[in-house]
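Residue-level structure breakdown
Chain residues, written in single-letter form:
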Amino acid sequence: MDPNVRDARRKLAAECIRHLRDNGFTADYYETAEDALNDLKQQIPAGSSIGFGGSETLKETGIIGWLTGNPDYTVFDRYHTDDMRKVFLQSLTADCYLMSTNALTVDGHLYNVDNTGNRVAALCYGPGQVFVIAGTNKLVRNIEEAVIRNEDIAAPANNIRLNRPNPCAQLGHCVHCSTPATLCNQFVVTKRSMPEGRIQILLINEDLGY
Ligand code: SF4
């Protein structure tokens, strides 16, 4: 990343973290994904059960690689199962849940759009602790910009990645379809962490996921 962009993002991240903390989230800043992963390893006690949402960020940060086959934890692994529903349900009762977010507003809220809703369900209720890992590329000013970010960046890229026959995969932007194959079924704004501190944000100054 260009050093000036990096510095601007660092300043924006500091403002975001201030507001996240005001809103009851735990929030910390990391210069690199490696720093965040090392901290996460310290924070999740051995013996914990862990579920996670589908996420390119979790792959790019090395978190999925760390958890795959890890004997120190009970991992509900959505990427290695022939019974996805069972894994999703187990994940809702896990000690910890790991995910990214479609957008993170500088005024301290999360915005997520889901297909089946398993990820936003875990974000809202169930797992004891939720860790949200996000690059500073996910920062937007407010929920209005979060919606646009999802429609212009995250959702089209996800539709292309998953080879979905939806218009955004062809056009590169959302046209608010309502096809049976749409990935956009659940829209969740997380205004505050409830209980306080349950949702913990690890904000990394890198471009991660989309
Ligand atoms: S609503 Fe339809 S067109 Fe819009 S992002 Fe979702 S799948 Fe794509």
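Whatever comes next refers back to the structure up there.
All of the points below concern the structure found in this document. Counting of residues starts from 1 at the beginning of each chain's written sequence and follows it residue by residue. Where local features are concerned, this predicted model is filtered to residues with pLDDT of at least 70; where side-chain atom pairs are given and counted, the filter is 80 or more; whole-chain, interface and lining totals use all residues.

Focus: the overall build of the protein chain
A helix here means a DSSP run of H or I that spans at least four residues, while a strand means a run of E at least two residues long, and both kinds are numbered starting from the N terminus. Regarding its fold elements, the protein chain presents eight helices and ten strands. Note on method: radius of gyration uses C-alpha positions; expected globular size equals 2.2 Å times residues raised to 0.38. At 16 Å, the protein chain has a C-alpha radius of gyration in line with the 17 Å of a compact globule built from 210 residues. Seen along its three principal axes, the alpha-carbon backbone of the protein chain occupies a region of about 45 × 45 × 30 Å. Scored against the burial criterion, the 210 residues of the protein chain give a buried share of 40%. Throughout, a pair of residues is in contact if the C-beta atoms placed from their backbones lie within 7 Å. If you take every contact in the protein chain between residues at least 6 apart in sequence, the share linking residues at least 24 apart comes to 76%. Three exposure classes are used, based on other C-beta atoms lying within 10 Å of a residue's own C-beta, which is placed from the backbone: buried for 20 or more, exposed for 12 or fewer, and partly exposed in between.

Overview of the sheet that holds strand E10 (residues 199–204)
Paired strands, in this sense, are two strands between which DSSP finds at least two bridges. Strand order in the open sheet formed by six strands is E1-E10-E7-E4-E2-E3, and the pairing between neighbours is parallel. One side of each edge strand has no neighbouring strand; the edge strands of this open sheet are strand E1 (26–30) and strand E3 (74–76). Sheet twist, expressed as the average angle between the axes of neighbouring strands with direction ignored, equals 20 degrees. Relative to E10, E1 is paired through five bridges, and the arrangement is parallel. Within E10, the position partnered with Tyr29 by the bridge is Leu203. Packing against the sheet, helix H2 (residues 33–43) makes contact with E1, strand E7 (129–135) and E10, and its axis sits at approximately 150 degrees to E10. Only C-alpha atoms enter the line fits that serve as axes; for helices the fit covers just the stretch in contact. Angles between N-to-C directions range over 0 to 180 degrees. With respect to the sheet, helix H5 (residues 84–91) is in contact with strand E2 (49–52), E3 and strand E4 (96–99), its orientation differing from that of E3 by roughly 125 degrees.

Focus on helix H7 (residues 143–161)
Maximum bend of H7: about 45 degrees, positioned at Asn150. Restricting attention to buried positions, one finds in H7 the residues Ala146, Arg149, Asn150, Ala154, Ala155, Pro156, Asn158 and Asn159. Residues of H7 that are buried make contact with strand E5 (103–105), strand E6 (110–114), strand E8 (139–140) and helix H8 (167–171). One or two residues past the end of H7 sits Asn163, with phi positive at roughly 55 degrees. Take the seven residues that end at a residue and the seven that start at it, fit an axis to each, and the angle between those axes is the bend at that residue.

As for the site of the ligand
Taken together, 13 residues surround the ligand, and among them Ala155, Cys168, Cys174, Cys177 and Cys184 come closest. Broken down by secondary-structure element, the contributors of at least two residues to the shell around the ligand are H7 and H8. Proximity of a residue to a molecule or strand is defined by its backbone-placed C-beta atom lying within 6 Å of that partner.

Quick notes on unusual backbone geometry
In this chain, Met194 is followed by Pro195 through a cis amide linkage whose omega measures -5 degrees. The phi dihedral of Asn163 is positive, around 55 degrees, even though this residue is not glycine. Looking at where Asn163 falls in the secondary structure, it is placed in the loop between H7 and H8. Under the C-beta neighbour-count criterion, Asn163 is labelled exposed, with 7 such atoms within 10 Å. In the Ramachandran plot, His176 falls in the positive-phi region, its phi being about 55 degrees despite a non-glycine side chain. Here His176 lies in the loop between H8 and strand E9 (186–190). Look at His176 and you get exposed, because 9 C-beta atoms sit within 10 Å.

A word on the sheet that holds E5
Ordered by their spatial adjacency, four strands build an open sheet running E8-E5-E6-E9, and the pairing between neighbours is mixed. Edge positions in the open sheet fall to E8 and E9, since each of these has one partner strand only. Two strands pair when backbone bridges link them, and E6 and E9 are joined in this way by five bridges, in the antiparallel orientation. By the bridge assignment, Val113 is partnered in E9 with Phe187.

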